[in-house]
Amino acid sequence: MQLTNYRGRLAPSPTGLLHLGHARTFLIAAQRARDHGGTLVLRNEDLDPQRSRPEFVEAMIEDLRWLGIRWSEGPDCGGPHDPYSQSERRTFYLAAWRMLRDAGAIYPCSCSRRELAEATLAPNDTDDEPLYPGKCRHRNDAAQFATPAGINWRFRVPEGERIEFTDLNLNSQRYVAGNDFGDFLIWRRDNVPAYQLAVVVDDAAMQITEVVRGADLVKSTARQLLLIGALGYSVPAYYHCELLRDKEGKRLAKRHDALGIRNLRERGLTAGQVIEMALSQAPP
Ligand SMILES: [Zn+2]
């Protein structure tokens, strides 16, 4: 089937070298764009200035190309939705912040790191954003802020509302706002937009029709659906890929140096062998 309006994206963060787990997600994303006769976009998610490095941008582009992945819009080749690096897209995020502020959907949160650590309920899964206990959620002074800088900003989730969606790989998903996740950050005190906001704004601006990414982000999709609703964007399709795990069952991370694409290549593996490892259910 040819759906020529299909637009998919690869959205790596240049905070380290790509490993087999990233390769798996990006190979699946590229395959799905090909199957649909669609367009693939490379977006450089270098939002965090503390952790992003230009040399990792170069390395990820080189590694993706080595794996045979091709895209037609990106930071290296430009395109109709320039720029393709998040660090250059702040005006888009600021416009969305203003819209959310004016709609009363967000509020400034002055809780200190320490207060949060003391009051926060433990999250069910260790790598997820903890549930915000709600101290600042009744603040109504958002309109007095001309810019988001200097304070954390949270999205006020509709307590008890069910967020349901059908994932094209993992089937039906259901979360309860305020229970599975709380009022989440959309802008950080250090004046960096949060991942949740940037990804929603960029996917809408770049007219992405299907989001392919790792299963660690399934729950974030529920948060993002709330943001998409508040901003009046159309909802893309979602396809979350199962994560690769190591022998101990832990998901692959930057510490798994041996499974870095670059490392495997330097050890003499061919792109075909690395692709096979990335797509197999039981990696080494
Ligand atoms: Zn607070």
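Data block above holds the structure.
Not measured: the values here are computed from a predicted model.

So, how was this worked out
- Residues numbered from 1 in each chain as written.
- Predicted model: local features only at pLDDT ≥ 70, side-chain atom pairs only at ≥ 80, totals over all residues.
- Heavy atoms only, no water.
- Helix = DSSP H or I, 4+ residues; strand = E, 2+ residues; numbered from the N terminus.
- Expected span 1.5 Å × (residues − 1).
- Buried < 20%, exposed > 50% of the residue type's maximum accessible area, 1.4 Å probe, protein only.
- Arc of directions from axis to C-beta.
- Contact = heavy atoms within 4.5 Å.
- Donors = N, O, S within 2.8 Å, 3.2 Å for Na, K, Ca; no water.
- Tetrahedral: all angles 85-135°; square planar, octahedral: opposite > 155°, others 65-115°.
- Axes fitted to C-alpha atoms, helices over the stretch in contact; angles between N-to-C directions.
- Parallel < 35°, antiparallel > 145°, perpendicular 65-115°, else oblique.
- Nonpolar A, V, L, I, M, F, W, Y, C, P; charged D, E, K, R; others polar.
- Pairing = 2+ DSSP bridges.

Peer 1: Account for helix 3 (residues 90-102), naming residues and giving values.
Peer 2: Residues separated by three or four positions in an α-helix point in the same direction, a consequence of the helix having 3.6 residues per turn. With 13 residues, helix 3 should reach 18 Å at 1.5 Å per residue; the first-to-last C-alpha distance of 18 Å fits that figure. All of the buried residues along helix 3 are Tyr93, Ala96, Trp97, Leu100 and Arg101. Down the axis of helix 3, the buried set is contained in an arc of 140°. They therefore lie on one face. Turned more than 90 degrees from where helix 3 packs its buried face, Thr91 and Asp102 sit exposed. Where helix 3 is buried, its residues meet strand 3 (106-109), strand 4 (152-155), strand 7 (185-187), helix 5 (195-205) and helix 6 (218-231). Note on helix 3: the residue one or two positions beyond its end, Gly104, has a positive phi of about 70°.

Peer 1: Got a sec to walk through the coordination of the zinc ion? Specific residues and values, please.
Peer 2: Coordination of the zinc ion by the protein involves Cys109 (SG), Cys111 (SG), Tyr132 (OH) and Cys136 (SG), with metal-donor separations of 2.1 to 2.3 Å. For the zinc ion, the four donor atoms in the first shell make angles of 97 to 123° at the metal, so the coordination geometry reads as tetrahedral. Look at where the donors of the zinc ion fall in the sequence and you get C-x1-C-x20-Y-x3-C. When sorted by exposure, Cys109 lands in the same class as Cys111, which is buried.

Peer 1: Which residues make up the packing of helix 1 (residues 20-35) against helix 8 (residues 271-279), and what are the values?
Peer 2: Viewed as axis vectors pointing N to C, helix 1 and helix 8 meet at an angle of 90°, and their least axial separation amounts to 8 Å. Judged on the interaxial angle alone, helix 8 and helix 1 are roughly perpendicular. Facing helix 1, whose interface residues are Leu20, Ala23, Arg24, Leu27 and Ile28, helix 8 presents Val274, Ile275, Met277, Ala278 and Leu279. The class makeup of the residues in the contact of helix 1 with helix 8 is nine nonpolar, no polar and one charged.

Peer 1: Could you give me a rundown of the sheet that holds strand 3, with the residues and numbers involved?
Peer 2: Across the sheet, three strands lie side by side as 3-4-7; this open sheet has antiparallel pairing. Across the chains shown, the open sheet's two edge strands, defined by having one partner strand only, are strand 3 and strand 7. Averaged over all pairs of adjacent strands, the angle between their axes in this sheet comes to 45°, without regard to strand direction. Together, strand 3, strand 4 and strand 7 form the strand contacts of helix 3, whose direction differs from that of strand 7 by roughly 120°.

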